[in-house]
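Descriptive analysis of the structure
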Amino acid sequence: QQLEDELGLEVVNFCYPAGQYNDAVIEAVKAAGYRGATTVNPGLAERSMPFELNRIRIDRGDTSQALASKLSAAGL
């Protein structure tokens, strides 16, 4: 609620702190009204798993070529 108040935007997605989650946490996030949540698991997100969305890590020093390589490795 604080983020919504400060940003003036609806917050509909959640990010598990330090990537830590389990079935009970997923259920709590759902019960809180979020529509999805990101993990720190590498890979592409799957529509069928909105509360366990994988990510492609982009680091501060990554160049556009590094980004292209990561996307290619992920199958994009």
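Let me begin by describing the structure that accompanies this report. No experiment lies behind these values; they were computed from the predicted model shown.

Rules used in this analysis
- Residues numbered from 1 in each chain as written.
- Predicted model: local features only at pLDDT ≥ 70, side-chain atom pairs only at ≥ 80, totals over all residues.
- Heavy atoms only, no water.
- 1 Å grid on protein atoms, 1.4 Å probe; cavity = no way out; pocket = protein on both sides within 12 Å on 5 of 7 lines; lining within 4 Å.
- Points joined across faces, edges and corners; volume = space filled by probe spheres on them.
- Helix = DSSP H or I, 4+ residues; strand = E, 2+ residues; numbered from the N terminus.
- Nonpolar A, V, L, I, M, F, W, Y, C, P; charged D, E, K, R; others polar.
- Phe/Tyr/Trp six-rings, centres within 6.5 Å; stacked < 30°, edge-to-face > 60°.
- Buried < 20%, exposed > 50% of the residue type's maximum accessible area, 1.4 Å probe, protein only.

When its volume is computed, the largest pocket comes out at roughly 190 Å³. Of all the elements in the fold, those that place two or more residues in the lining of the largest pocket are α1 (2–7) and β1 (13–15). Sort the elements by how many residues they give to the lining of the largest pocket and α1 lands first, with three residues. Counted by class, the lining of the largest pocket contains six nonpolar, four polar and two charged residues.

Time to look at the packing of aromatic side chains. This model, assessed by the stated rule, comprises three aromatic pairs. Each ring, one from Y16 and one from Y21, has its centre 4.6 Å from the other, and the planes form 20 degrees; the classification is stacked. Exposure remark for Y21: the relative accessible area of 23% places this residue in the partly exposed category. Each residue in the set F14, Y16, Y21 and Y34 is aromatic and connected to the rest through ring pairs, giving one cluster.

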